[in-house]
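Spelled out, the chains give:
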Amino acid sequence: MLPAGTLADRVAIITGGGTGLGKAMALEFARLGARVVLASRKQENLEKAAAEIAGRGGEALVVPTDVRDPGQVDNLVNRTLERFGKIDILVNNAAGNFVCPAEELSVNGWNAVVNIVLNGTFYCTRAVARHWIGQGRGGNILNIIATYAWTGGPGTVHSAAAKAGVLAMTRTLAVEWAPRGIRVNCIAPGPVDGTGAAPQLWPTEEARQAVIQAVPLGRMGTPEEIAHAAAYLVSDYAGFITGEVLTIDGGTWLGRGLFKGSR
Ligand SMILES: CCCCCCC/C=C/C(=O)SCCNC(=O)CCNC(=O)[C@H](O)C(C)(C)COP(=O)(O)OP(=O)(O)OC[C@H]1O[C@@H](n2cnc3c(N)ncnc32)[C@H](O)[C@@H]1OP(=O)(O)O
Ligand SMILES: NC(=O)C1=CN([C@@H]2O[C@H](COP(=O)(O)OP(=O)(O)OC[C@H]3O[C@@H](n4cnc5c(N)ncnc54)[C@H](OP(=O)(O)O)[C@@H]3O)[C@@H](O)[C@H]2O)C=CC1
């Protein structure tokens, strides 16, 4: 665990900050001293998370935002600057997902996911980076992807393609904006319990157990495990890391090996 004060005086925007991994990151960043801005569509979830942060002595601003709308994203940036006067960190965590055979996926279904994951990430990234570049200052961007960005993800072609786009965006902008002092990294979580992913991706206990079977470490991850790594990547401890992906998946994407039954 990083020591309290690691993110003192930092201002962090976290999209999808009202639930799941976003909420866990918000709580951890606040514990480390950051002031956090929680942005997603459902105000009720954001308010609940903000109250939990305030209950632990932290400070959170709630800005209802649909990241698919560039106007709402500009409002998010403006509201953050009005309240805190600066932005240090952006976490692009908002996502949508569901399992659907590609041949059955409707155009609206494809667009819903790609617009949240790929376009929303770009709109938020562009809006925040324009501010930083205009001010002649640097900052930190963390994108939450998934390992199927490089393995492919049968059943979730919309999400896999969008996450692959975010990975390419990360590497592109890490280099393009390095001279600006802007770092851009990714975390690729494996299956993590207790978030909005569960009802979408492993809605039954049977499906959940099948997912766990695929994890060499034999369990799902926790939101806190992702949050600790996220705090590290946006902190000064990671000051020389950019364009990188930190995979936190219990070994899942490497597979289970071929020869378990051979001896
Ligand atoms: C090895 C890796 C291990 C695990 C990797 C896991 C990676 C996890 C990635 C995640 O992103 S988990 C996050 C999950 N959380 C959520 O999905 C929460 C947010 N989700 C949503 O808001 C919705 O699910 C949404 C559909 C993504 C967006 O909602 P919106 O209100 O904008 O859309 P709708 O109007 O409801 O639907 C649009 C369109 O999509 C079709 N659709 C929706 N759900 C399904 C479904 N289950 N199957 C097929 N199609 C679906 C819906 O019918 C609409 O299309 P049309 O009917 O109009 O053609
Ligand atoms: N849990 C897991 O196993 C894994 C998760 N991930 C990634 O982790 C991240 C967090 O997911 P997780 O916590 O699991 O799931 P959640 O469903 O809990 O989180 C997704 C968040 O995105 C927000 N969101 C969805 N659509 C929009 C939108 N249009 N505009 C703004 N916010 C939006 C939702 O809030 P609201 O509905 O209020 O808009 C919600 O808070 C995602 O990027 C996901 O792809 C990656 C690999 C594995």
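This section reports on the structure supplied with the text.

Reading the values: the criteria
- Residues numbered from 1 in each chain as written.
- Chains lettered and ligands numbered in written order.
- Predicted model: local features only at pLDDT ≥ 70, side-chain atom pairs only at ≥ 80, totals over all residues.
- Near = placed C-beta within 6 Å.
- Helix = DSSP H or I, 4+ residues; strand = E, 2+ residues; numbered from the N terminus.
- Nonpolar A, V, L, I, M, F, W, Y, C, P; charged D, E, K, R; others polar.
- Core = buried A, V, L, I, M, F, W, Y, C linked by C-beta atoms within 7 Å.
- Buried ≥ 20, exposed ≤ 12 C-beta atoms within 10 Å, placed from the backbone.
- Contact = placed C-beta atoms within 7 Å.

1. Re the site of ligand 2
Right, on to step 1. The full set close to ligand 2 counts 29 residues, and Gly16, Gly20, Arg41, Thr195 and Gly196 are the nearest of them.
Right, on to step 2. Elements represented by at least two residues in the shell around ligand 2 include exactly helix H1 (20-31) and helix H4 (107-135).
Right, on to step 3. Each residue belonging to the shell around ligand 2 can be placed in one class, and the counts come to 11 nonpolar, 14 polar and 4 charged.

2. Here's the deal with the site of ligand 1
Right, on to step 1. Around ligand 1, 21 residues are found, and the nearest of them are Ala95, Gly96, Ser106, Asn108 and Gly109.
Right, on to step 2. Going through the elements one at a time, H4 and helix H7 (197-201) are the ones with two or more residues in the shell around ligand 1.
Right, on to step 3. With 4 residues, the single largest contributor to the shell around ligand 1 is H4.
Right, on to step 4. Here the shell around ligand 1 is built from residues that sort into 10 nonpolar, 11 polar and no charged.

3. Some details on the nonpolar core
Right, on to step 1. Counting residues in hydrophobic clusters, the biggest one holds 69 residues, and the most contacted among them are Ala12, Ile13, Ala26, Phe29, Val36, Leu38 and Ala230.
Right, on to step 2. Sort the elements by how many residues they give to this core and H4 lands first, with 9 residues.
Right, on to step 3. Leave out the neighbours within four places in its chain, and Val36 touches Ala12, Ile14, Gly17, Ala26, Phe29, Ala30, Ile53 and Ala60.

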